[in-house]
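Chain and residue survey
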Amino acid sequence: MSASRPPVDLVSAGTPAEPLTHNTLNGVTGGVWRTRRDGRAAVLKLVTPPGRPGPAHWAGSDEPGHWNYWRREVEAYRSGLATAAYADAGLAAPAPLAVDDRPDGSVALWLAEAAGRPGIACTPGDLGETALRLGAGHARWLGDPEAGGLSPGRRPPGWLSRDWLRDYTLSRPVREPVPWEHPVAVAAWPRPLRDGLRTLWDRRHDVLAATDRLPRTLCHHDCWPMNLVFAADGPVLLDWSGVGPGPVGEDAANLVLDTFLDGLVDVALLDEVSATVLDRYTEGLRGAVAPEAVARAVRLTGAAKYFWLAPMMLGRLGRSAVSQTYDARDEAAVVAGRRPVLELLARWAAGVWD
């Protein structure tokens, strides 16, 4: 768990410091606060090295290519990659104010606060505009997914995530055998849905292998409303801790699915958001990737990103919280509330097999 206030050597006792919602299970994040630095509104993120107590599937790593390499976001800001990655497409990152290495090995990452509406107050139009800019940003990196073009010698940064989609998804803790006939699941998910999700789980390695054949670009890897602020001049994308090469479509697919999984945005908007994000993302990639290829990439990468979700949920029923991070609903409400998203996921996966 992160502290209610940052360490006093970073923020004095008399300076306001409001804890911000974040994934407290992630071993690389010691806390996030809205505060002030040098008289201006700022966000302080305390980045911590491996070793903090927590679940193994959220542990940080010293390995630079690991999906959860603990210093990646620090390096993304120090190098300028975070602020430059999609800037030409109009998708900004917060401006860095300072990066302070601390005696205990942690790093204090100071960012200018992005003023605007929080991501969870999004409209379908907001997400469509984000998708348009993502598509244009991804088009830029199609020939250079490891961002070598940002360095004078055109050498890719060694700290980018190496194979984020595969490494992250295969590290999710799924109990086997998966209890597909659990009474809670049977009550909430009709058999065709359970069968579709079972097929997706059984064919997870095939799905991942298929994503390897998609065009590669520079991905953010965690694009969803909690990492967005809608400023007056366009969306601002937060949390660059996963940045690295990945398949076209992945960030757009995640923007659709993850918007609704934790009950933070009304799931009644799912169909409109899905259609809008796909249309605008395709528009952003116009001239770089054919529209039919974009649609397939979004479906395929969405299936790859979440093949583990239903099996992990079922394995936790009656044992621990079905969702352990942002979703405050009870077990039955989570299972029922995620049904529309899982139905879309199953349709996307079925389209991959067709």
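Let me begin by describing the structure that accompanies this report. Because the structure is a prediction, the values reported are computed rather than measured.

Further remarks concern the overall build of the chain. When you go through the chain residue by residue, the secondary structure sums to 13 helices and 10 strands. For the chain, the C-alpha radius of gyration of 20 Å lies close to 20 Å, the compact-globule estimate for 354 residues. Its C-alpha atoms give the chain principal-axis dimensions of roughly 60 × 50 × 35 Å. In the chain, of all internal contacts separated by at least 6 residues, the share reaching a separation of at least 24 is 70%. Element-wise, carbon and sulfur atoms account for 52% of the exposed surface of the chain, whose accessible area totals about 14,400 Å². When the 38 positive and 42 negative side-chain charges of the chain are each reduced to one mean point, those points stand 2 Å apart.

Glancing now at helix α1 (residues 72–79). Two residues of an α-helix separated by three or four positions point the same way, owing to the 3.6 residues in each turn. Buried residues dominate α1, accounting for six of its eight residues. Taken together, the buried positions of α1 are occupied by Arg-72, Glu-73, Val-74, Glu-75, Ala-76 and Tyr-77. Packed against the buried residues of α1 are β3 (40–47), α2 (81–84), β4 (96–101) and β5 (107–112). Positive phi appears at Gly-80, one or two residues downstream of α1, with a value of about 90°.

Judged by nonpolar contacts, the single largest core of 89 residues is most densely connected at Leu-81, Trp-189, Leu-197, Trp-240 and Tyr-281. For this core, the element with the highest residue contribution is helix α13 (residues 339–353), accounting for eight residues. In terms of nonpolar packing, the next biggest core, distinct from the first, is built from 10 residues, Ala-17, Trp-33, Leu-44 and Ala-98 among them.

What describes a pair of aromatic rings is the distance from one ring centre to the other and the angle between the planes of the rings. Scanning the model with the defined rule gives 10 aromatic pairs in all. For the pair Tyr-168 and Trp-308, a centre-to-centre distance of 6.1 Å together with 80° between the ring planes defines the contact as edge-to-face. Of the two residues, Tyr-168 sits in helix α4 (residues 164–170) while Trp-308 sits in the loop between α10 (291–306) and α11 (309–316), which places them 140 residues apart along the sequence. The two residues Tyr-168 and Trp-308 agree in class, both being buried. Centroid distance Trp-201 to Phe-307: 6.0 Å. Interplanar angle 45°. Geometry classified as tilted. With Trp-201 in helix α6 (residues 191–202) and Phe-307 in the loop between α10 and α11, the pair connects residues that are 106 residues apart, well separated along the chain. Just as Trp-201 is buried, Phe-307 falls in that class too. The structure contains a cluster of three or more aromatic residues connected by ring pairs, namely Trp-58, Trp-67, Trp-164, Tyr-168, Tyr-306 and Trp-308.

Two strands pair when backbone bridges link them, and strand β1 (residues 18–19) and strand β2 (residues 29–37) are joined in this way by two bridges, in the antiparallel orientation. Across the sheet, residue Glu-18 finds its bridge partner in β2, namely Arg-34. Pairing between β2 and β3: eight bridges, direction antiparallel. In the sheet register, Gly-31 faces β3, and the bridge partner there is Leu-46.

Moving on, we get to the sheet that holds β3. With antiparallel pairing, the five strands of this open sheet are ordered in space as β1-β2-β3-β5-β4. Edge strands, defined here as strands with exactly one partner in the open sheet, are β1 and β4.

Now for the packing of helix α3 (residues 124–140) against helix α9 (residues 270–284). Where α3 meets α9, the axes come as close as 7 Å, and the angle between the chain directions of the two elements is 30°. By the angle class used here, α3 and α9 are roughly parallel. In the crossing of α3 with α9, the sense of the turn from one axis to the other is right-handed. Mapping the contact onto sequence places Pro-124, Leu-127, Gly-128, Glu-129, Ala-131, Leu-132, Leu-134, Gly-135, Ala-136, His-138 and Ala-139 in α3 and Glu-272, Val-273, Thr-276, Val-277, Arg-280, Tyr-281, Glu-283 and Gly-284 in α9.

Glancing now at the packing of α9 against α10. In contact at an axis separation of 10 Å, α9 and α10 are set at 130° when each is read in the N-to-C sense. Classified by the angle their axes make, α9 and α10 are oblique. Like other packed secondary-structure pairs, α9 and α10 cross with a definite hand, here right-handed. Along its contact with α9, which presents Leu-278, Tyr-281 and Thr-282, the element α10 presents Pro-291, Val-294, Ala-295 and Val-298.

We now examine the sheet that holds strand β6 (residues 117–118). Spatial ordering of the open sheet is given by β6-β8-β9, a layout of three strands whose pairing is antiparallel. Two strands in the sheet have a free side with no partner beyond their single neighbour: β6 and β9 (234–237). As paired strands, β6 and strand β8 (residues 228–231) are joined by two bridges and run antiparallel to one another. Note on β8: the bridge partner recorded for Arg-117 is Phe-230. The strands touched by α3 within the sheet are β6, β8 and β9, with β8 carrying the most contacts at an inclination of about 100°.

This part takes up the side chain of Thr-169. Relative to the helices and strands, Thr-169 resides in helix α4. Separated by 2.7 Å, the side chain of Thr-169 and the backbone oxygen of Leu-165 make a polar contact. A polar side-chain atom of Thr-169 sits 3.3 Å from the main-chain carbonyl oxygen of Arg-166. If we ignore the near neighbours within four places in the chain, the residues touching Thr-169 are Leu-208, Ala-304, Lys-305, Phe-307 and Trp-308.

Cut-offs used in this document
Residues numbered from 1 in each chain as written. Predicted model: local features only at pLDDT ≥ 70, side-chain atom pairs only at ≥ 80, totals over all residues. Heavy atoms only, no water. Helix = DSSP H or I, 4+ residues; strand = E, 2+ residues; numbered from the N terminus. Rg over C-alpha atoms; globule rule 2.2 N^0.38 Å. Contact = heavy atoms within 4.5 Å. Areas by Shrake-Rupley, 256 points an atom, 1.4 Å probe, with all protein chains shown as cover. Lys, Arg positive; Asp, Glu negative; His and termini not counted. Charge placed at Lys NZ, Arg CZ, Asp CG, Glu CD. Buried < 20%, exposed > 50% of the residue type's maximum accessible area, 1.4 Å probe, protein only. Core = buried A, V, L, I, M, F, W, Y, C linked by side-chain atoms within 4.5 Å. Phe/Tyr/Trp six-rings, centres within 6.5 Å; stacked < 30°, edge-to-face > 60°. Pairing = 2+ DSSP bridges. Axes fitted to C-alpha atoms, helices over the stretch in contact; angles between N-to-C directions. Parallel < 35°, antiparallel > 145°, perpendicular 65-115°, else oblique. Left-handed = near helix turned anticlockwise from the far one by under 90°. Polar contact = N/O pair within 3.5 Å; in protein donor to acceptor, adjacent residues only side chain to side chain.

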